[in-house]
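If you want the building blocks of each chain, they are given just below.
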Amino acid sequence: MTATLKQSTGPAYTRIYGYGAARGENAVPNDDLVGPIDSSDEWIRQRTGIVTRVRADKGTDAIDLASAAAAEAVQRAGIDPAQVDAVIVATISNPKQTPSVSAIVADRIGANPAAAYDVNAACAGFAYAVAQADALIRTGAAHYAVVVGAEKLSDIVDPTDRSISFLLGDGAGAAVVGPSDTPGIGPTVWGSDGSKADAVTMNHTLTEFRDGESPWPTLRQEGPTVFRWAVWEMAKVARKALDAAGVEPEDLAAFVPHQANMRIIDEFAKQLKLPDTVVVARDIETTGNTSAASIPLATHRLLSEHPELSGGLALQIGFGAGLVFGAQVVVLP
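The text that follows walks through the structure, step by step, so that each part is easy to find. Note that the structure is a prediction, hence the values are computed from the model and not measured.

Things to note about the pairing of strand S7 (residues 170-180)
Reasoning step 1: When you tally the buried positions in S7, you get 11 out of 11 residues, the bulk of the element.
Reasoning step 2: With 10 bridges joining them, strand S1 (residues 13-23) and S7 adopt antiparallel strand pairing. Bridging across to S7, Tyr 19 finds its partner in Ala 175.
Reasoning step 3: As paired strands, strand S6 (residues 144-152) and S7 are joined by 8 bridges and run antiparallel to one another. Note that in S7 the partner of Val 146 across the bridge is Val 176.

As structure tokens, this is what we get:
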């Protein structure tokens, strides 16, 4: 007689229980960066909306930022860290190829022996990780999951590069995802277009650096290409996420796009025809572009400044290197 295989199942719905945040210790105004790129404070403000960005001390790495954000998220969620079954960290700035940031974070917050792994989806990483946490919980593979977006991008910046260096900041944002009696995380619309991978990329490989064939690899981008793609294509993705969740723009309490550029954010809001009642996250003005950390950092700030948003719907969308993207509607804790 053949044995019947058991397959795990979980709750029908999930939701986000709480957010945490950690920002770089230093506020870096535009004037501190303009010399090497032959620019000005006015030019940066007009092009990006950034007044200052946060960057971490030399001795602080992405693991430190991720751990602090995760610990706050767990505390705000009101759960015991021992209840966390999975830790997922979205990052492109792990200071080592291995071990994963997530395994160290799980240990630091007291979540051993939680499953732990990193996601490399750049600025879409947090949306990807939320989708995975939602799926893990609804299939019974985890009960609670900590999702983190963490970056120390100042380690991979060339201060003389005019394409992206002045945009980037350091920080981490985290969220606790767990079971719910009602729907709290809408379907994720995600994908990629690797044919345009050179639009946002590293200018060299680590092996080229190792062999003395190149300087330390740093980020580069084709600004106009990224801007056009983000504004026109990502607005379509945002609409698909709204449709998949069964909601209209006027049903939203907040819109939290990846904090890439203030002009992109404003154009997004216009394309989606968001009513004035929707609060739009504009954390980029004082934090900068923190890649995978930008959505949870911006959401954490929105909830701190607008506690009345709690229980409302937020559309979040991430997009970035490798032209990867991910969007979903969530209920704010």
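Once the structure has been displayed, the description carries forward.
Some details on the sheet that holds S6
Reasoning step 1: The strand order across the open sheet built from 5 strands is S1-S7-S6-S4-S5, with neighbouring strands paired in mixed fashion. The two strands at the open ends of the sheet, each matched to only one other strand, are S1 and strand S5 (115-119). Within this sheet the neighbouring strands show an average axis-to-axis angle of 15°, counted without direction.
Reasoning step 2: Strand contacts of helix H10 (residues 294-305): S1 and S7, with the helix running at about 90° to S1, the strand carrying the most contacts.

With respect to the packing of helix H3 (residues 62-77) against helix H4 (residues 101-108)
Reasoning step 1: Across the interface, H3 lies against H4 with an axial gap of 9 Å and an inter-helix angle of 45°. Between H3 and H4, the interaxial angle falls into the category oblique. For the element pair H3 and H4, the recorded crossing hand is right-handed. Facing Ile 63, Asp 64, Ala 66, Ser 67 and Ala 70 of H3, the residues of H4 in contact are Val 101, Ile 104, Val 105 and Arg 108.
Reasoning step 2: Here the residues of the contact of H3 with H4 sort into 6 nonpolar, 1 polar and 2 charged.

Cut-off values and rules
Each chain has its residues counted from 1, following the order in which its sequence is written. This being a predicted model, a pLDDT of at least 70 is required before a residue's local features are given, and a value of 80 or more before pairs of side-chain atoms are given or counted; all residues contribute to the totals for chains, interfaces and linings. Side-chain numbers here rest on the full set of heavy atoms in the structure, without hydrogens or water. The cut-offs for exposure are 20% and 50% of the maximum accessible area for each residue type, with area from a 1.4 Å probe on protein chains only; residues under the lower value are buried, those over the upper are exposed, and the others partly exposed. Numbering goes from the N terminus for both helices and strands, where a helix is a DSSP run of H or I of at least four residues and a strand is a run of E of at least two. Think of it this way: DSSP has to see at least two bridges between two strands before they count as a pair. Interaxial angles span 0 to 180 degrees and are taken between N-to-C directions of axes, which are lines fitted to C-alpha atoms, for helices over the stretch in contact. Here, two residues are considered to be in contact whenever any of their heavy atoms come within 4.5 Å of each other. By definition in this entry, angles of less than 35 degrees are roughly parallel, angles greater than 145 are roughly antiparallel, angles of 65 to 115 are roughly perpendicular, and the rest are oblique. Crossing handedness is defined as follows: a turn of the near helix away from the far one that is anticlockwise and smaller than a right angle gives a left-handed crossing, while the clockwise case is right-handed. Asp, Glu, Lys and Arg are counted as charged, while Ala, Val, Leu, Ile, Met, Phe, Trp, Tyr, Cys and Pro are counted as nonpolar; the rest, among them Gly, fall into the polar class.

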